[in-house]
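What follows is each chain in one-letter form.
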Amino acid sequence: MWRLRRAAVACEVCQSLVKHSSGIKGSLPLQKLHLVSRSIYHSHHPTLKLQRPQLRTSFQLFSTLTNLPLRKLKLSPVKYGYQPHRNFWPARLAARLLKLRYIILGSAVGGGYTAKKTFDQWKDMIPDLSDYKWIVPDIVWEIDDYIDFEKIRNALPNSEDLAKLAPDFDKIVESFSLLKDFFTTGHKLVSEIIGASDLLLLLGSPEETAFRATDHGSEGDKPYRKVSDKEKIDQLQEELLRTQLKYQRILERLEKENKELRKLVLQKDDKGIHHSKLKKSLIDMYSEVLDVLSDYDASYNTQDHLPRVVVVGDQSAGKTSVLEMIAQARIFPRGSGEMMTRSPVKVTLSEGPHHVALFKDSSREFDLTKEEDLAALRHEIELRMRKNVKEGCTVSPETISLNVKGPGLQRMVLVDLPGVINTVTSGMAPDTKETIFSISKAYMQNPNAIILCIQDGSVDAERSIVTDLVSQMDPHGRRTIFVLTKVDLAEKNVASPSRIQQIIEGKLFPMKALGYFAVVTGKGNSSENIEAIREYEEEFFQNSKLLKTSMLKAHQVTTRNLSLAVSDCFWKMVRESVEQQADSFKATRFNLETEWKNNYPRLRELDRNELFEKAKNEILDEVISLSQVTPKHWEEILQQSLWERVSTHVIENIYLPAAQTLNSGTFNTTVDIKLKQWTDKQLPNKAVEVAWETLQEEFSRFMTEPKGKEHDDIFDKLKEAVKEESIKRHKWNDFAEDSLRVIQHNALEDRSISDKQQWDAAIYFMEEALQARLKDTESAIENMVGPDWKKRWLYWKNRTQEQCVHNETKNELEKMLKCNEEHPAYLASDEITTVRKNLESRGVEVDPSLIKDTWHQVYRRHFLKTALNHCNLCRRGFYYYQRHFIDSELECNDVVLFWRIQRMLAITANTLRQQLTNTEVRRLEKNVKEVLEDFAEDSQKKIKLLTGKRVQLAEDLKKVREIQEKLDAFIEALHKEK
């Protein structure tokens, strides 16, 4: 049936040709020939001018027939005129025109273009191995010395000669187009042939395609179905996607092999094999510049505009997960719905032989291939964040600097910021939202910062907060990269998949971006490792409708493609801006140096750390000078200070009560009891307090006394702080009181005065003590009764009414004492009544309590004067003392008491001096060293204690010099890498 149908169609074609020929034999004019004949046999006729149609889309996109051989078209001679015995010449003509070489040539055009474009994409994804050219043996680079490549190149044919051998593709395409137009005018045979040729594009083997196009009858009654354009496009897209995934796996395998090779190379470098060729990596040099800038106070209008990758996003949007996928390790603390990132974390990614992480201010390396090290790293980051957050706050602007090294990592610097929140929940500081916004703006307003905007794809796009913030900071999207996370959940939950495409293309947001990416950061399980997440991500996108329906391009998915794009953008921004930043720091350095020369021409430029070291040496020298104090000086000041502390208790509570007794036996008994009580309870503690205060006074004197012209007041606040902190930390030895109590008790038990010199010293000591008390008593009486007549006349002073009453009472009590000089210490009630009535008789109203208070001071003065007179009598009483005052009316027991007190003070001072010089001074020196070490590690303390324009100017000058030097070294290395 198929052959009969084709024969019928061929007859119709022949009849149409017969009508044109009109039965005339011989040559037929070109104008009379059919359109197909003119295009075949007279393709170069000058009158034939047909427009060249465009190539088919299927040839341009993709083709599997790019490897078929080219064949020449052999045309049989044609006799013009009517030929009744020709068998199916239109079929043979179409078969010759549609031979496989024309299809192959057309497929080669489209397939070649597609192959070139695919090759360019793969070439861009291959990592840059220019840093490791030295791995290739030197003989490879010297091969041109042994082989003359120029001679070989001249021997090869040039491109023009090769072009002459190639067929004329324009003529082939033009002929094929004319044939297609002819067959589409209604001839069924030609339509079937063209359908067969289209099917040929979708099938693999050319022989099989030709067989199916010419011999359908062999399949019996199996009907022929024409493939629609939509099905052909779907099949081509599936085949293209399979090819891309195939080469993607090949590329990943090559990258894995390259990663292992780089790891081996870097391990060899650790052993010092290639140390002369491999220096510090560019990214490490750049990270050091950023670390110095983070500590630099940008006064003098010098701003930090060096590029960084700033990672911003809503809370729980997946920022940390994206960073971990790029770093290839679970390095950040995690929590379900809780804010974990409380301060910015600067992560520097660089290549290294081992996958490790370390902090800027620590030498400990965390092995990221071991789970226990990963847990320790996450715990350390969490502790540092909590340490940075001040009391009453939730987040902190202080940056944590972390370096992550490993084979195959993309080199860049990323800063993970706290997630942007919409509502302040319980447990947060009220200003948490505003603080996060200010921190994010501070990093994003850098015109060279690359903003990595993270958006959660599993939630509604309208709930996003960060996109508005990013659009404000970068309205034109010139440095923003948009990342949609959790795409697997989005594809599962979103009713319209085209909405994901709108999000990726930025149509749902006012924000513009350089690029749009979609990633999957895991299944929501925090225990998943990075390799499992990567496999799940690749498997998801391989089966995702987003790729199959061309909503997403292959280069827009997976975190691997994202890290490559971010790294390329980062280094492009670095190369474009780093030299300009270096020039700005040069100008700043010149301004600072000029200002220093004008203000401090004769001083060295000492920064805060150098000044602290200088002050530290001075403080230690002053502490050492404590050990050079003479023992005599220590004992004198200790004895004097201790007597000043206990003199009131000795006179008021021991001497006066005992002296008012009737006989010497009672006096000695009272003294012994009171001294024993005093020694057991108060005296040792008082002595230790006096010694500690004396040590503080001497330490303060050495710390604060001016050193003449060499004294620098810039250290005063630091020295005062060190002194206070050292004293606060110092504690006297606990066993000092117990040993001191025994010594003092034994000293007070001794009553034997050995010589006249000690006797006279005791009398002198007693006189000084009593005179000091008499002076104090007279001063109290003067304040009570007011100025005497001399001061009233000379200084025009008057007494108050109360003072007049006290004066009248004093005069009345003095009259009583004159009458009875042996009067006891206390007034009797009848005596108080007598004094009050005598005063009332003179018109002075007094209260009994006022009489008692006045009597206390009057009698005290009378008693002290009497005791001083008794001291004069006892000067010659040493002889009677040796005889124990036998057969003598003179008793000097009070002198013996003061001798015992004086001896106790001397022995106590000597004991305390030994404790000071042997133990406490050394312990204080140790405390000072510890305080200085703590202050040296606390930068905030140094900033607070070492202040002033001179300090700040030197600090800025040092930082700017350091930044400029590091930038110059980085730029030089960057040029060498190019």
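Everything numeric in this text was worked out from a predicted model, so none of it was measured. (Residues numbered from 1 in each chain as written. Predicted model: local features only at pLDDT ≥ 70, side-chain atom pairs only at ≥ 80, totals over all residues. Heavy atoms only, no water.)

### Here's the deal with the overall build of the protein chain
Each helix and strand counted, the protein chain has 37 helices and nine strands in total. With 978 residues in all, the protein chain has 43% of them scored as buried. When the accessible surface of the protein chain is summed, it comes to about 54,800 Å², and 51% of that surface belongs to carbon and sulfur atoms. (Helix = DSSP H or I, 4+ residues; strand = E, 2+ residues; numbered from the N terminus. Buried < 20%, exposed > 50% of the residue type's maximum accessible area, 1.4 Å probe, protein only. Areas by Shrake-Rupley, 256 points an atom, 1.4 Å probe, with all protein chains shown as cover.)

### What to know about a positive patch on the surface
A surface patch of positive charge is lined by Lys717, Lys728, Lys941 and Lys944. Only helix H27 (716-729) and helix H36 (939-945) provide two or more residues apiece to the positive patch. Locating lysine 944 in the fold gives a position in helix H36. According to the relative accessible area criterion, lysine 944 is exposed, its value standing at 58%. (Patch = residues over 30% accessible without salt bridge, like charges linked within 9 Å, V, L, I, M, F, W, Y side chains within 5 Å. Salt bridge = Lys/Arg side-chain N within 4 Å of Asp/Glu carboxyl O. Lys, Arg positive; Asp, Glu negative; His and termini not counted. Charge placed at Lys NZ, Arg CZ, Asp CG, Glu CD.)

### Here's the deal with the environment of asparagine 807
Positionally, asparagine 807 belongs in helix H31 (residues 801-819). What makes asparagine 807 buried here is its relative accessible area of 11%. Through-space distance from the C-alpha of asparagine 807 to that of isoleucine 781 is 9.1 Å; in sequence the pair is 26 residues apart.

### Re the environment of asparagine 746
Relative to the helices and strands, asparagine 746 resides in helix H28 (residues 736-749). Judged by its relative accessible area of 48%, asparagine 746 falls in the partly exposed class. Expressed as a C-alpha distance, the spacing of asparagine 746 and methionine 904, which sit 158 residues apart in the sequence, is 8.6 Å.

### Some details on helix H23 (residues 608-624)
For H23, spanning 17 residues, the distance from its first C-alpha to its last is 24 Å, which sits close to the expected 24 Å at 1.5 Å a residue. Those residues of H23 that fall on the buried side of the exposure criterion are Arg608, Leu611, Phe612, Ala615, Ile619, Leu620, Glu622 and Val623. (Expected span 1.5 Å × (residues − 1).)

### Quick look at the state of the cysteines
Summed over all chains, the structure comprises one disulfide. Between the sulfur atoms of cysteine 874 and its disulfide mate cysteine 892 the distance is 2.0 Å. Across the disulfide from cysteine 874 to cysteine 892, rotation about the S-S bond amounts to roughly -100°, and the bridge is consequently left-handed. Here cysteine 892 lies in the loop between helix H34 (878-882) and helix H35 (893-937) and cysteine 874 lies in helix H33 (residues 848-874), a separation of 18 residues in the sequence. You can call cysteine 874 buried: its relative accessible area is 0%. (Disulfide = S-S within 2.5 Å.)

### Structural notes on unusual backbone geometry
A positive phi angle, close to 65°, is found at serine 316, a residue other than glycine. Structurally, serine 316 can be placed in the loop between strand E1 (309-313) and helix H14 (319-327). The phi angle at lysine 486 is positive, at roughly 55°, despite the residue not being glycine. Along the chain, lysine 486 turns up in the loop between strand E8 (480-485) and helix H18 (487-493).

### Concerning the nonpolar core
Counting residues in each nonpolar core, the largest one holds 102 residues, and the members touching the most others are Trp643, Tyr655, Trp678, Leu695, Trp759 and Ile901. The dominant element in this core, judged by the number of residues it contributes, is H35, at 17 residues. Apart from the residues within four sequence positions on either side, tryptophan 759 is in contact with Ile753, Cys874, Arg875, Gly877, Phe878, Tyr881, Phe885, Cys892, Val895 and Val896. Formed by 66 residues, the second largest nonpolar core is a distinct cluster that contains Leu377, Met385, Leu953 and Val960. (Core = buried A, V, L, I, M, F, W, Y, C linked by side-chain atoms within 4.5 Å. Contact = heavy atoms within 4.5 Å.)

### Quick word on the sheet that holds E8
Either a parallel or an antiparallel arrangement is found when strands of a sheet pair, and the pairing is made through backbone hydrogen bonds. Read from one edge to the other, the open sheet built from nine strands follows the order E4-E3-E5-E2-E6-E1-E7-E8-E9, with strand pairing classed as mixed. The open sheet is flanked by strand E4 (366-367) and strand E9 (515-518), the only strands paired with a single partner. Summarising the sheet, strand E3 (residues 356-359) and E4 pair through two bridges and their orientation is antiparallel. Across the sheet, the residue bridging to alanine 357 is phenylalanine 366, located in E4. This element, helix H17 (residues 466-473), spans E1, strand E7 (450-456) and E8 of the sheet and lies at about 160° to E7. (Pairing = 2+ DSSP bridges. Axes fitted to C-alpha atoms, helices over the stretch in contact; angles between N-to-C directions.)

### Overview of the pattern of salt bridges
One pass over the full model with this rule turns up 39 salt bridges. Of the charged contacts in the structure, one is a salt bridge between lysine 966 and glutamate 288, with a shortest N-O distance of 3.2 Å. One end of the pair, lysine 966, is in helix H37 (residues 949-977); the other, glutamate 288, is in helix H13 (residues 282-294), with 678 residues separating them in the sequence. Note on lysine 966: relative accessible area 23%, which makes it partly exposed. In this structure, a network of salt bridges that share partners links the residues Arg589, Glu593, Glu605 and Arg961.

### Description of the pairing of strand E6 (residues 412-416)
Of all five residues in E6, five are buried; the element is thus mostly enclosed. In this sheet, E6 lies alongside E1 in parallel orientation, the contact comprising three bridges. Counted as the bridge partner of valine 310 is valine 415 from E6. One ladder, built from five bridges, connects strand E2 (residues 345-350) with E6; its direction is antiparallel. Each bridged residue has a counterpart across the sheet, and for leucine 349 the counterpart in E6 is methionine 412.

### Observations regarding the environment of phenylalanine 715
Topologically, phenylalanine 715 is positioned in the loop between helix H26 (683-704) and H27. Between the C-alpha atom of phenylalanine 715 and that of leucine 946, which follows or precedes it by 231 residues, the distance is 6.9 Å. Once residues within four sequence positions are removed from consideration, phenylalanine 715 is found in contact with Leu611, Lys614, Ala615, Glu618 and Leu946.

### Examining the packing of H27 against H35
Closest axis-to-axis distance for the H27/H35 pair is 9 Å, and the angle between their directions is 125°. Classified by the angle between their axes, H27 and H35 sit oblique to one another. For the pair H27 and H35, the sense of crossing is right-handed. Contacts from Leu718, Ala721, Val722, Glu725, Ser726 and Arg729 in H27 reach Leu924, Asn927, Val928, Glu930, Val931, Leu932, Asp934 and Phe935 in H35. (Parallel < 35°, antiparallel > 145°, perpendicular 65-115°, else oblique. Left-handed = near helix turned anticlockwise from the far one by under 90°.)

### Remarks on the side chain of serine 440
Assignment of secondary structure puts serine 440 in helix H16 (residues 432-444). In contact with serine 440, other than residues within four places in its own chain, are Leu417, Val420 and Leu469.

### Things to note about the packing of aromatic side chains
For the coordinates displayed, the defined rule picks out 18 aromatic pairs. Here tryptophan 759 and tyrosine 881 contribute two aromatic rings whose centre-to-centre distance is 5.2 Å and whose plane-to-plane angle is 40°, an arrangement assigned as tilted. A residue pair is termed long-range when its members are at least 10 positions apart, and tryptophan 759 in helix H29 (residues 756-785) and tyrosine 881 in helix H34 qualify at 122 residues. Relative accessible area serves as the criterion here: at 13%, tyrosine 881 is assigned to the buried category. Three or more aromatic residues link up through ring pairs in this structure, and these residues are Trp643, Tyr655, Phe765, Trp855, Tyr859, Phe863 and Phe898. In this structure, arginine 701 is placed above the aromatic ring of phenylalanine 702, and the distance from its NZ or CZ to the ring centre is 4.6 Å. Geometry around phenylalanine 612 places lysine 942 over its ring, the cationic atom sitting 5.7 Å from the centre. (Phe/Tyr/Trp six-rings, centres within 6.5 Å; stacked < 30°, edge-to-face > 60°. Lys NZ or Arg CZ within 6 Å of the ring centre and 35° of its normal.)

### Some points on a nonpolar patch on the surface
Where nonpolar side chains cluster on the molecular surface, the patch consists of Trp789, Trp793, Leu794 and Tyr795 and spans about 610 Å² of accessible area. Among the secondary structure elements, tryptophan 793 is positioned in helix H30 (residues 789-795). Note on tryptophan 793: relative accessible area 67%, which makes it exposed.

### What about the pairing of E9?
Of the two faces of E9, both are covered, the one formed by Gly515 and Phe517 as well as the one formed by Tyr516 and Ala518. By the bridge criterion, four bridges tie E8 to E9 in an arrangement that is parallel. Residue pairing for E9: valine 483 is matched across the bridge by phenylalanine 517.

### Here we look at the confidence of the model for the protein chain
The pLDDT averaged across the protein chain works out to 75; a share of 68% of its residues lies at or above 70. Across residues 271-279, confidence stays below pLDDT 50; counting only partners more than four residues off in sequence or on other chains, it has nine contacts. Counting contacts from residues 298-302, a segment whose pLDDT is below 50, to residues more than four positions away or on other chains yields eight contacts. (pLDDT = per-residue confidence, 0-100.)

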